[in-house]
Amino acid sequence: MRIFSIHSSLTFCSLSIIVISTLFVSSVDVFADVFIPSNEYISYFDDNGVYTVGGNVKNQNYFALIPTISVSVIDGENTVTKTISHVPIPSMTDIPFKMKFPEVKSSNPILLEADLKYVMIEKNSTSIEIMYDKTLITHNDGHVTGRIKNSGSQTIFYPKILAIVHGHDRVLDIVQNIEFIEKIEPGEIVKFSMYPDPSITEDISYYSCFAPVDTTVIPVTVKKNDGDFDFRYDSGAWYSSAKFIDYGTTLTMRGYNSYPLETYANFEFPSISGKEKFIVTLDDEPIKFIQSVDETGNWHVAFNVGPISQGVLKITGFEKGLPPETSKIPTWVKSAAGWWATDQVSDDDFLTGIDFLFKKAIISVVGKQLTVKSQWETPSWFKTTAGWWSEDKISDDDFLNAIKNLVKRKIIII
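Each value, and the rule that gives it
Residues numbered from 1 in each chain as written. Predicted model: local features only at pLDDT ≥ 70, side-chain atom pairs only at ≥ 80, totals over all residues. Heavy atoms only, no water. Helix = DSSP H or I, 4+ residues; strand = E, 2+ residues; numbered from the N terminus. Buried < 20%, exposed > 50% of the residue type's maximum accessible area, 1.4 Å probe, protein only. Contact = heavy atoms within 4.5 Å. Areas by Shrake-Rupley, 256 points an atom, 1.4 Å probe, with all protein chains shown as cover. Pairing = 2+ DSSP bridges. Axes fitted to C-alpha atoms, helices over the stretch in contact; angles between N-to-C directions. Polar contact = N/O pair within 3.5 Å; in protein donor to acceptor, adjacent residues only side chain to side chain. pLDDT = per-residue confidence, 0-100. Phe/Tyr/Trp six-rings, centres within 6.5 Å; stacked < 30°, edge-to-face > 60°. Lys NZ or Arg CZ within 6 Å of the ring centre and 35° of its normal.

Observations regarding the overall build of the protein
From N to C terminus, the protein includes four helices and 30 strands. Within the protein, the proportion of its 414 residues that are buried is 51%. Considering only contacts within the protein whose residues lie at least 6 apart along the sequence, 69% involve residues at least 24 apart. Carbon and sulfur atoms provide 51% of the accessible area of the protein, an area that totals close to 19500 Å².

A closer look at the sheet that holds strand β28 (residues 290–293)
What the five strands build is an open sheet, ordered β21-β22-β25-β29-β28; its pairing is antiparallel. Two strands lie at the open edges of the sheet, namely β21 (218–224) and β28, each paired on one side alone. The mean angle between the axes of side-by-side strands here comes to 25°, regardless of whether they run parallel or antiparallel.

Some points on the side chain of Asn59
Residue position: Asn59 is located in strand β6 (residues 51–59). Owing to a relative accessible area of 0%, Asn59 belongs among the buried residues under this scheme. A distance of 3.1 Å separates a polar side-chain atom of Asn59 from the backbone oxygen of Pro90. In contact with Asn59, not counting residues within four places along its chain, are Asp33, Val34, Ala64, Leu65, Ile89, Pro90, Ser91, Met92, Thr93 and Asp94.

Quick notes on the environment of Leu116
Examined against the element boundaries, Leu116 turns out to sit in strand β11 (residues 115–121). The class for Leu116 is buried, based on a relative accessible area of 4%.

What to know about unusual backbone geometry
A positive phi angle, close to 55°, is found at Cys209, a residue other than glycine. Within the fold, Cys209 resides in strand β20 (residues 206–213). When its relative accessible area of 13% is taken as the criterion, Cys209 is described as buried. One non-glycine residue, Tyr247, adopts positive backbone phi at about 60°.

Things to note about the pairing of strand β22 (residues 227–235)
The side chains of a regular strand alternate, first on one face of the sheet and then on the other. Most of β22 is tucked away: seven of the nine residues are buried. Relative to β22, β21 is paired through seven bridges, and the arrangement is antiparallel. Paired with Thr221 across the two strands is Asp230, which belongs to β22. From the end of β21 to the start of β22, which pair antiparallel, there are two residues, and Asn225 there has a positive phi angle of about 50°. Note: β22 against strand β25 (residues 263–269), four bridges, orientation antiparallel.

Remarks on the sheet that holds strand β16 (residues 160–166)
With antiparallel pairing, the three strands of this open sheet are ordered in space as β17-β16-β20. Each of the sheet's edge strands pairs with one partner strand only, and the pair in question is β17 (171–176) and β20. For this sheet, the mean angle separating the axes of adjacent strands, direction not counted, is 15°. Sheet analysis places β16 next to β17, joined by five bridges and oriented antiparallel.

Overview of the confidence of the model for the protein
Here the protein averages 81 in pLDDT, while 83% of its residues score no lower than 70. Across the protein, strand β26 (residues 279–282) holds the top mean pLDDT of 97, while strand β1 (residues 4–5) sits lowest at 28. This stretch, residues 1–32, has a pLDDT under 50; its non-local contacts, to residues over four places away or in other chains, come to 99 contacts. This stretch, residues 366–375, has a pLDDT under 50; its non-local contacts, to residues over four places away or in other chains, come to 36 contacts.

Structural notes on the side chain of Asn177
Its location among the elements puts Asn177 in the loop between β17 and β18 (183–184). For Asn177, a relative accessible area of 0% puts it in the buried group. Separated by 2.9 Å, the side chain of Asn177 and the backbone nitrogen of Ile161 make a polar contact. Within the structure, Asn177 has its side chain in polar contact with the backbone oxygen of Glu179 (distance 3.1 Å). Excluding residues within four positions of it along the chain, Asn177 makes contact with Pro159, Lys160, Ile161, Phe192, Ser193 and Met194.

Describing the packing of aromatic side chains
In this structure the tally under the stated criterion is 26 aromatic pairs. Aromatic side chains Tyr132 and Phe210 sit 6.3 Å apart centroid to centroid with 85° between the ring planes, which places their arrangement in the edge-to-face category. You can see Tyr132 sitting in the loop between β12 (128–130) and β13 (137–138) and its partner Phe210 sitting in strand β20, a full 78 residues away along the chain. A relative accessible area of 43% means that Tyr132 is categorised as partly exposed. Under the relative-accessibility criterion, Phe210 is labelled buried at 9%. When the centroid spacing of 6.4 Å and the interplanar angle of 25° are considered together, the rings of Tyr207 and Phe210 count as stacked. Members of the aromatic cluster, connected to one another through ring pairs, are Phe229, Phe231, Tyr233, Tyr239, Phe244, Phe267, Phe269, Phe278, Trp299, Phe303 and Phe318. Between Lys320 and the ring centre of Tyr247, over which it is positioned, the NZ or CZ distance is 5.4 Å.

This is the structure:
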């Protein structure tokens, strides 16, 4: 029976470089040591037969950043590319990532080098700490149990823990905790567990690069009634191939949970009429779920996900058409502005929303793109402006003009 304290098996993450990005920022040269070590960039077919890519992004700069990772796979005569905007990475920190490619069908796909770009931000390390003591244990079936502590002075919502799984001579998988952790109060200690994909459990030697993160939701855009429908989800499981059927009233997607324990899923949908009544099925069998509405008017559909399961998830009850265009700015960005104005979330959490506005071209600067440093030494009036906007005291255009003002003053540097 192989049970041992995990901290006895930790190693430093390798520095072998697969990608290095060099950017020119304003009038200052920045040589960006942002890369994925070649021996920490892996691919395999998971226990469900889905081609999976994982890696570890290292930030060896003096500044924090949000990386955008593009991964391409040659699948026979086709090349499949996927891009994710990762969570903020503080200076001198590593954070793993994982991507699924159900489109890949050949038995011998070729994984190409990842392409990295980034937005530079000011971010302090999260106040969540892994407790490296005798409670951090790797068990004989390859899973890990441990504890995290909030050593800061603010409540952290929806924290996640990521880690790298090693075999004797190579990286095997990227894992995360499977429990839903709604929040962790200052000084509070919470237990967590992490499971690797069942296909590699017999080869596990140790875990490394534990990375607590406080951004967990995954944004998805799907076509609905000749337009784009944006929604988000947070889950210990993974969902792909989302599409609307039945004239835009039913959302389908394929879900996978490779873990031997029950996990969760929480979907957030914008309201169309405010009268939607959802029905949720898995492989056409009804499942229990909770439907609720948050303070911004978004619907939430939450349910448990069974262990070692997969199937077609259907959520029925959407109104035809698209959500009313009451604002060109998503409600979650506006909510984040209000929370930021009252110090409920950090600068980098708010910056995630601002970065989204640039990526969607809701804010634009002619001939330029937001891909460099945001210093976030923001003037006091801007937090007040964000609060006014969240309370509808100023218009969307007033808020966007305030952002542009920060760009012109090089508080956000383009």
